[in-house]
Amino acid sequence: MSEPAPPWSEDELAAALASGVALLPTVREQLARVGADLDRRFLAEEDIRTLVRERAARLDAILRCLWTHHRLDADPRIALLAVGGYGRGELHPHSDIDLLVLLADESARVPHTAALEAFITCLWDTRLAIGHSVRTLAECREVAAADITIATALMEARTIRGDDALRARLAAATAPEQIWPSAEFFRAKWDEQKARHRKFNNTEYNLEPNIKGCPGGLRDVQTVGWVAKRHFHAASTLELVARGFLNEAEYHALMRGQDFLWRIRYGLHMLAGRAEDRLLFDHQLSLARLFGYADDERGLAVEHFMKDYFRWVLRLGVLNEMLTQLFDEAILRACEPVDIYEINQRFRVRNGYLEVAHDNVFRHSPWALIEMFTLMAQSDFITAPRASTIRLVHQSRRLIDDALRRDPLANRLFLQLLASPWRVATQLDRMKRYGVLGRFVPEFGRIIGQTQHDLFHVYSVDSHTIRVVRNMRMFLLPRAREEFPTAAHAIKRLPRPELLYLAGLFHDIAKGRGGDHSELGALDAAAFCRRLELSPRETNLVAWLVRNHLQMSTTAQRKDISDPEVIETFARLVADQMHLDHLYTLTVADITATNPTLWNSWRASLLHSLYVQTKRALRRGLENPPDRGERIAETRAAAQNLLEGRGVQPQRVEALWAQMGPDYFLRETAVDIAWHSEAILARGEPETPVVLTKAAGSRFDPVTQIFIYTRDRDHLFAVITATMEQLGLNVHGARLYSSADHHTLDTFFVLEQDGSPVPPDGPRAAQIRHALSEHLGGTEHYLDVVQRHTPRALKHFAAPTETRLATDPSGSHSILEVMTPDRAGLLARIGRVFLAFGIKVRNARITTLGERVEDVFFITDAAHRPIEDPATADGLQRAIREALDRDGNAPAATATRRSP
């Protein structure tokens, strides 16, 4: 295969255009040659700075030729300028090409109007991403004075063709002495940066980060350069080294980080075939392969790539933070009176910022690297560390060695930090950002930037961990009583909340090592607690919390917490109220820090119910489990009293209840039993299905209940779930019972697609009751499976369906777990398989975790026995996997998840 033709030189292109060749095809061919040449060299890993700058230079040559071709180069009153990023001489494959046609004054406009129109039309016809303006010097000054974005773009102006004296006059007209004095400019750019960071939740960590706009992204690097140019008249960032704002190592880190992001941006443009700054999931996978990352026992190639990305933007973010503060001191606060408060021999506060007393503080007292964060957590008047101190911390972080990690004073200071009253999570985050926490706790250092390539874990492991501690601290604030009342109550009961924070710090610390991260993390936590000289009892508590940090969530979401035996088992695990309070608070903090959409009213109600029921069991005493017969009798009596108050005859009630099994009275409340019974007995026709809707109640009863009483038939679960999916309802749980007279009593817990309950007694509730009654009215008709568009993000996280089937310890039923990518019609497909195998569903837990669902079904065979025949068990699971994965129902897998 022949090599592609190389680009023409500028002289060759000019000669070709002068010879009369077809203009547009020739220019397009030159652009294609330039693009192909640079892409080939990019794939060969040539220096990215060379490629980005050469693309700009090649385009300069094309524009010069076109400018001359349109006879615009003879008048010294007109010039073609590159502005913005193109003005800096930086151009990626599909970057915007911002041009300014600069006129000395209005007299230069009229003679060239037709030629300029032809020139601009030609540029558009070449399909270049051109942004252009035609302005006089006076107009440029006017619009720049009114808009800092334009002023910033004009700062980077560079002459492509024409008299450079015009550009010099433009620079003088828009200089700080004329418009946007450097103090105003810096304040505006700083405010602009803060607003941009808020747009991305003030974090470098996003599932699909924007490499230009996110904190630590390319825009942060550019902001540093703009301020340096405006205030210090610096031609490049390198000049900040000579001025003492950067040292050599920091400058090289800034440039290497920019190079890393430039390679990603170039690759994004090349893969997308257009301008693209978002690291979308499919691009993450493609770039990981392109850059040579590989899967290994530690994780997927894409996870290694994103770990490098997050570590680089973290470093760039710290450099931006440090430089911004130094600029603030030099530009905005240069004339501010100095107010110094001496804390001790090592630290003082200068105008609200903590600084070292001298440059040898950390060399003489390495433990002061921990002390400084403790001091900030103990004082509400310290804003942040001073930039010079941040730099010294970074330079001194290698002093954190095994000797310091064993130092009792350093460990006491860390424990004091956790027990401090002010912004504990903020100090932990600073320790991480400045390179201290990952060295003081090496296990934490290994998870910095570590991601899991899914939609469930929105943040990297380290970011998630800090958010867990931040959530715990938030539970102490008055505002938490409204949104998290149980957690706010539980955390106030803890004698030493810092032990909870330690558990939060270590709960995911062993992720990515292989094996059970809960068990491995518990070992790490116990070792660290011994370093902190905690008592054996406190050490055991922290290790227990880390080991069991998933147990409460798993029990609430994947087990039948209406079953007293489930509550008894969980109560024996926690053993006492103190462990329950700690575990509940850790669980809520963990869930809410994993994914902003994960915490909803349904999960909140499940965890609250488990907490309350376990609390009752502990108060009653684990040695005194409730007697099933007594509980059934109490529930029946309470329900009977309610029904008698409504005028329902006791004899009719007893006759109805005689058909019900004991599970119904064990798992349902007296209020709901009375509600069901009254409606069933009020039917006009004996075989008419009963369909009831019950509105959501309090925050602890937030879902809509749909109760269905009808004659049992094989296809029932499939028809009900298909109907609900066609109605656009999300099923979150179900309890299903069979009566002795061959009826079913089924309760489904549902929410609308947006997570809200169904409005009570309105047309929507009536629509639901009508649709269900119609499809339950004796027909064997089976509804079509719902088909909906699969969201873009979900298409990149498909994986084969996994199933597990086991017999419940009680021996009364089997537990089927189905883990599969989320999609419309999922329950209906499973229902069809249940129909084919004659499966009865007793209970269900429907859990959506990002792009995946993890559904649990409590099932029996047609004779109400667990599924114990191996052939049937294997066939059932195989049929479910095939039903969910066939015909493209699950999009093609793009990444294979390793076993946890």
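Bear in mind the structure is a predicted one, so any value in this text is a computation, not a measurement.

Here is what the cut-offs are and how they apply
- Residues numbered from 1 in each chain as written.
- Predicted model: local features only at pLDDT ≥ 70, side-chain atom pairs only at ≥ 80, totals over all residues.
- Heavy atoms only, no water.
- Phe/Tyr/Trp six-rings, centres within 6.5 Å; stacked < 30°, edge-to-face > 60°.
- Helix = DSSP H or I, 4+ residues; strand = E, 2+ residues; numbered from the N terminus.
- Buried < 20%, exposed > 50% of the residue type's maximum accessible area, 1.4 Å probe, protein only.
- Lys NZ or Arg CZ within 6 Å of the ring centre and 35° of its normal.
- Expected span 1.5 Å × (residues − 1).
- Contact = heavy atoms within 4.5 Å.
- Core = buried A, V, L, I, M, F, W, Y, C linked by side-chain atoms within 4.5 Å.
- Axes fitted to C-alpha atoms, helices over the stretch in contact; angles between N-to-C directions.
- Parallel < 35°, antiparallel > 145°, perpendicular 65-115°, else oblique.
- Left-handed = near helix turned anticlockwise from the far one by under 90°.
- Nonpolar A, V, L, I, M, F, W, Y, C, P; charged D, E, K, R; others polar.
- Pairing = 2+ DSSP bridges.

Engineer: Describe the packing of aromatic side chains, listing the residues and the values that go with them.
Structural biologist: Counted under the stated rule, the structure contains 32 aromatic pairs. Where Phe186 meets Phe327, the ring centres are 6.2 Å apart and the plane angle is 85°; that geometry is what we call edge-to-face. With Phe186 in helix H9 (residues 182-199) and Phe327 in helix H14 (residues 301-332), this pair connects stretches of sequence that are 141 residues apart. Its relative accessible area of 3% is what places Phe186 among the buried residues. The lysine or arginine in question, Arg33, covers the ring of Trp8, its NZ or CZ lying 4.3 Å from the ring centre. Above the plane of the ring of Phe440 lies Arg531, whose end atom (NZ or CZ) is 4.6 Å from the centre.

Engineer: Could you give an account of helix H28 (residues 536-547), naming the residues involved and the relevant values?
Structural biologist: Given a rise of 1.5 Å per residue, 12 residues ought to cover 16 Å, and the 16 Å separating the end C-alpha atoms of H28 matches this to within 8%. Considered for burial, the residues of H28 that qualify are Glu538, Thr539, Leu541, Val542, Ala543, Trp544, Leu545 and Val546. In this structure, the buried residues of H28 make contact with helix H26 (497-506), helix H27 (517-531), helix H30 (564-574) and helix H31 (577-594).

Engineer: Outline the nonpolar core, listing residues and values.
Structural biologist: The tendency in soluble globular proteins is for nonpolar side chains to be buried as a group. Within the largest apolar cluster, 158 residues are counted, with the highest numbers of intra-cluster contacts made by Ile264, Tyr309, Phe327, Phe362, Phe414 and Leu502. Aside from chain neighbours lying at most four places away, what touches Ile264 is Ile211, Leu279, Leu287, Phe291, Phe305 and Tyr309. By size, the runner-up hydrophobic cluster in this structure holds 41 residues, among which are Phe717, Val833, Ile839 and Val841.

Engineer: Before we move on, can you summarise the packing of H28 against H31 with the specific residues and values?
Structural biologist: Where H28 meets H31, the axes come as close as 10 Å, and the angle between the chain directions of the two elements is 45°. By the criterion of interaxial angle, the relationship of H28 to H31 is oblique. The way H28 lies across H31 gives a crossing that is right-handed. For the pair H28 and H31, contact is made by Arg537, Leu541, Trp544 and Leu545 and by Met578, His579, His582, Leu583 and Leu586, respectively. A breakdown of the residues in the contact of H28 with H31 according to their chemical character gives 6 nonpolar, 2 polar and 1 charged.

Engineer: Which residues make up the packing of helix H20 (residues 424-433) against helix H23 (residues 461-474), and what are the values?
Structural biologist: At a minimum axis distance of 8 Å, the contact between H20 and H23 shows a crossing angle of 160°. Between H20 and H23, the crossing angle belongs to the class labelled roughly antiparallel. With respect to the hand of their crossing, H20 and H23 are arranged in right-handed fashion. For the pair H20 and H23, the contacting residues are Val424, Ala425, Thr426, Leu428, Asp429 and Lys432 in the first and Asp462, Ser463, Ile466, Val469, Arg470 and Arg473 in the second. Here the contact of H20 with H23 is composed, by residue class, of 5 nonpolar, 2 polar and 5 charged.

Engineer: Can you break down the environment of His92 residue by residue, with the values?
Structural biologist: Relative to the assigned elements, His92 resides in the loop between helix H4 (84-87) and strand E2 (97-103). Owing to a relative accessible area of 3%, His92 belongs among the buried residues under this scheme. A sequence separation of 526 residues divides His92 from Leu618, and the C-alpha atoms of the two residues are 64 Å apart. Contacts of His92, omitting those with residues within four sequence positions, involve Val52, Arg55, Trp262, Arg265, Tyr266 and His269.

Engineer: Hey, could you go over helix H36 (residues 670-681) for me, with residue numbers and the actual values?
Structural biologist: Given 3.6 residues to a turn, an α-helix orients residues that are three or four positions apart in the same direction. Helix length check: H36 (12 residues) gives 16 Å between terminal C-alpha atoms against 16 Å at 1.5 Å per residue, within 8%. Among the 12 residues of H36, 9 are classified as buried, and the element is accordingly described as predominantly covered. Buried residues of H36: Ala670, Asp672, Ile673, Ala674, His676, Ser677, Ala679, Ile680 and Leu681, and no others.

Engineer: Before we move on, can you summarise the pairing of strand E14 (residues 814-821) with the specific residues and values?
Structural biologist: In terms of residue burial, E14 counts as a mostly covered element, since 7 of its 8 residues are buried. Examined bridge by bridge, strand E13 (residues 802-807) and E14 share 6 bridges and lie antiparallel to one another. When the bridges of E14 are listed, Ala806 appears paired with Ile815. Count of turn residues in the E13/E14 antiparallel hairpin: 6 residues, of which Gly811 carries a positive phi of about 80°.

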